[in-house]
There are 2 protein chains.
Amino acid sequence: MDIIKELGEIALGSRLKRLSDRFMQDVSKIYKSQKISFEPRWFALTNYLYNYGGSSILDLASSIGFSHPAVVQFVNQMEKEKLVEEFDDGNDRRKRMVRLTEKGKSLFESLQPLLKEIEDSVKEIIQATGYDLLHVIESVENALDEKDIYNRTLKRTKQRHMDAVEILRYSPVLKEQFKRLNYEWLKKYFKVEKEDEKILSDPEKEIIDKGGEVFFARLENEIVGTCAAIKINDDTYELAKMAVTEKAQGRQIGKKLALAVIGFAYSKKASKVTLETNRRLQAAVNLYESLGFKSVPMDKESKYERTTFKMKLEL
Amino acid sequence: MDIIKELGEIALGSRLKRLSDRFMQDVSKIYKSQKISFEPRWFALTNYLYNYGGSSILDLASSIGFSHPAVVQFVNQMEKEKLVEEFDDGNDRRKRMVRLTEKGKSLFESLQPLLKEIEDSVKEIIQATGYDLLHVIESVENALDEKDIYNRTLKRTKQRHMDAVEILRYSPVLKEQFKRLNYEWLKKYFKVEKEDEKILSDPEKEIIDKGGEVFFARLENEIVGTCAAIKINDDTYELAKMAVTEKAQGRQIGKKLALAVIGFAYSKKASKVTLETNRRLQAAVNLYESLGFKSVPMDKESKYERTTFKMKLEL
DNA sequence: ACCATTTACGTAAGCACTTACGTAATATAT
DNA sequence: ATATATTACGTAAGTGCTTACGTAAATGGT
């Protein structure tokens with residue numbers, strides 16, 4: 001029973017590694033059986049030097065796709081075998097220019113028939129599968145170039161996290177949570193101002209009764225975030241008092257709360273949502289921008305010291 | 001410019017490695033971004049323990065395809081995190097049985113949604129290529145199982161070596177080579193006997209004039225092997241005095257020389273070829289067997305001390 | 001029952017790289 | 001012109017395995 005095979009897509013990396021090892025080990029075995037004093041890992045380097053002539057260490061590294069310490073190692077080893085030699089760049093004394101010696105060139109040339117045979121063997125294998133393997137690989141590489149596994153997965157994970165968050169409307173039992181969550185982040189980044197104390201101590205009077213709403217985010221039976229929609233006038237609501245607890249951050253909770261506020265404003269037939277924030281809160285500003293908020297000039301002094309600018313969203 | 005891609009089939013191993021690394025690194029990055037205290041390399045082990053329960057170190061190693069020291073490492077690391085625990089086998093005190101702890105189980109379970117998302121991302125990639133990648137890989141694996149790159153290449157290389165060897169018939173200028181090559185190997189494995197001296201010193205009188213022939217193998221303008229067809233009677237020729245110089249061994253020269261002798265006997269309308277050899281010369285005996293020679297009882301004492309048995313080929 | 005062989009596991013060393021970091025030479029900005 | 005940044009390279013240390021080897025426990029043949 002082949003576990004890696006059984007696991008399917010989830011172990012694709014391991015399966016490809018196993019396949020790659022099989023190819024590379026076989027090639028190594030071929031060299032050994034032919035008693036050729038040439039290490040397979042030198043191949044890319046030698047091939048490059050043979051076709052493109054002398055190069056510096058870093059040029060070689062980036063050309064053949066190894067780190068430069070690896071190239072230093074290869075060059076040192078091959079120098080011992082007198083397959084490569086150094087020469088001066090002439091301009092830049094930091095550079096260690098490397099080229100093949102005559103011995104190196106002729107060894108590489110003598111390798112050609114064997115390489116051709118390896119190539120033919122690989123082609124034979126590929127032909128036997130009936131697929132154009134190189135083209136398949138290229139397609140996979142292209143798909144990954146377009147968007148890698150990391151980003152594809154992250155997108156799905158974010159969606160899951162958003163789905164897991166429940167948004168609740170205000171109820172008296174949640175009053176203390178509103179205060180706790182806001183105090184938590186205010187103390188961390190700024191300080192609790194007079195206006196904060198007023199609103200956070202009595203949201204019913206300060207927000208709800210004036211036609212606004214307070215939303216809460218619940219994740220696995222815990223209240224992890226909150227946000228208020230404060231009515232400015234029939235046409236405008238302010239998004240304010242957003243706070244998400246530390247350990248739940250990065251789970252799209254802010255986004256969901258903001259969307260709740262926007263939805264609330266929309267249901268009240270308002271035409272815009274405003275907010276005040278601070279440049280320091282980069283993550284928050286990014287979120288607002290992703291939702292369509294634009295910076296607007298400060299029309300009048302804010303009630304809060306921490307405010308550095310305003311944003312607006314047209315509905 | 002992508003050198004690995006340019007190289008095509010010859011760098012297929014490296015290309016697959018690069019692709020595999022890309023998958024595996026992305027997965028590792030995903031775990032890290034989710035701040036999960038779980039190493040991707042533990043996955044196979046954990047998955048096995050979760051599905052199949054407690055196992056010993058060696059069982060785990062063979063099941064998940066790592067070496068046992070690797071499993072020891074994983075288990076020690078996971079034990080530190082209290083993800084696995086040990087228990088006694090009861091019968092065998094050498095065994096260190098391992099199973100997941102409750103913490104390990106629940107961590108693995110909590111990982112499932114993420115794994116599903118990774119799997120879906122991989123599936124998405126594969127779908128985008130339009131190929132059934134897993135099936136393509138399986139086809140390649142099957143082709144390799146049938147005959148690996150090493151053996152496919154070796155077959156081609158042997159053919160090339162055979163093609164590169166020229167077989168020459170006796171001419172007086174080659175007389176010394178016949179002696180030199182035979183002395184070389186006689187001294188290495190046995191000793192030069194009276195009968196050897198007689199034949200090697202005057203092949204014209206001892207072989208050619210009696211209706212036999214001496215063949216030589218020339219490789220890149222160097223005589224690297226020799227072999228004689230000694231006429232026993234009209235019906236029988238003896239394959240004898242085969243010698244291939246050390247550094248040219250493994251290049252199918254013996255085979256080609258033997259075929260020359262067999263061909264010579266055939267052209268003389270003989271019905272069998274015999275030879276005398278020694279069990280110690282395993283490579284030579286294998287060659288003779290591959291050509292169809294069978295062991296036969298010694299009908300009479302050999303002229304050579306080194307002979308331990310005879311072989312015969314019916315034409 | 002006894003000794004040789006095999007098995008299970010741990011440890012050490014090796015491998016083929018990588019990342020991290022330090023130093024000297026060169027390029028760039030003021 | 002001089003300070004600062006950047007680049008080229010070497011070295012050290014780390015990584016994620018492997019192979020090689022040693023020891024203790026179990027097994028098997030006589």
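This write-up is about the structure you can find in this document. Every value quoted in this text rests on a predicted model; they were computed, and no experiment measured them.

### Looking at the sheet that holds strand β5 (residues 213-219) of chain A
Residue and element names in this part refer to chain A. Within the open sheet, the seven strands sit side by side as β4-β5-β6-β7-β8-β10-β9. Their pairing is mixed. Strands with a single pairing partner mark the edges of an open sheet, and in this sheet they are β4 (165-169) and β9 (294-296). Here the strands of the sheet are splayed against their neighbours by 30° on average, with no regard to which way each runs. With seven bridges joining them, β5 and strand β6 (residues 222-233) adopt antiparallel strand pairing. Bridge assignment links L219 to a residue of β6, and that residue is E222. In the packing of helix α9 (residues 175-189) onto the sheet, the strands contacted are β5, β6 and β7 (236-244), and the crossing angle to β6 comes to about 95°.

### Digging into the interface of chain B and chain A
The extent of an interface is frequently quoted as the accessible surface area lost upon association of the parts. Tallying the contact residues gives 68 residues for chain B and 68 residues for chain A. At the boundary of chain B with chain A, total buried surface from both sides reaches about 7300 Å², with 69% on carbon and sulfur atoms. It is B:E9, B:I149 and B:Y150 in chain B that bury the most area against chain A; as a group they hold 9% of the surface buried on that side. For the pair chain B and chain A, the number of links is 14 salt bridges. Between B:R156 and A:E124 there is a salt bridge, and its shortest N-O distance comes to 3.1 Å. Where chain B packs against chain A, one counts 26 residue pairs in polar contact (both at pLDDT 80 or more).

### Some points on the protein's contact with DNA strand C
Taken together, the neighbourhood of DNA strand C is formed by 20 residues, with A:S67, A:R93, B:L58, B:R94 and B:R96 sitting nearest. Near-protein atoms of DNA strand C (within 4 Å) split between backbone and bases, with sugar and phosphate holding 66%. Here a phosphate oxygen of DNA strand C and a backbone polar atom of B:L58 are 2.8 Å apart. In this structure, B:R96 approaches DNA strand C through a side-chain N or O atom, which is 2.7 Å from a phosphate oxygen. At four residues, helix α5 (residues 68-80) of chain A tops the list of elements feeding residues into the surface near DNA strand C. For the surface near DNA strand C, the per-class residue count stands at eight nonpolar, five polar and seven charged.

Rules used in this analysis
Residues numbered from 1 in each chain as written. Chains lettered and ligands numbered in written order. Predicted model: local features only at pLDDT ≥ 70, side-chain atom pairs only at ≥ 80, totals over all residues. Heavy atoms only, no water. Pairing = 2+ DSSP bridges. Helix = DSSP H or I, 4+ residues; strand = E, 2+ residues; numbered from the N terminus. Axes fitted to C-alpha atoms, helices over the stretch in contact; angles between N-to-C directions. Contact = heavy atoms within 4.5 Å. Buried area = accessible area lost by both parts, 1.4 Å probe. Salt bridge = Lys/Arg side-chain N within 4 Å of Asp/Glu carboxyl O. Polar contact = N/O pair within 3.5 Å; in protein donor to acceptor, adjacent residues only side chain to side chain. Near = heavy atom within 4 Å. Nonpolar A, V, L, I, M, F, W, Y, C, P; charged D, E, K, R; others polar.

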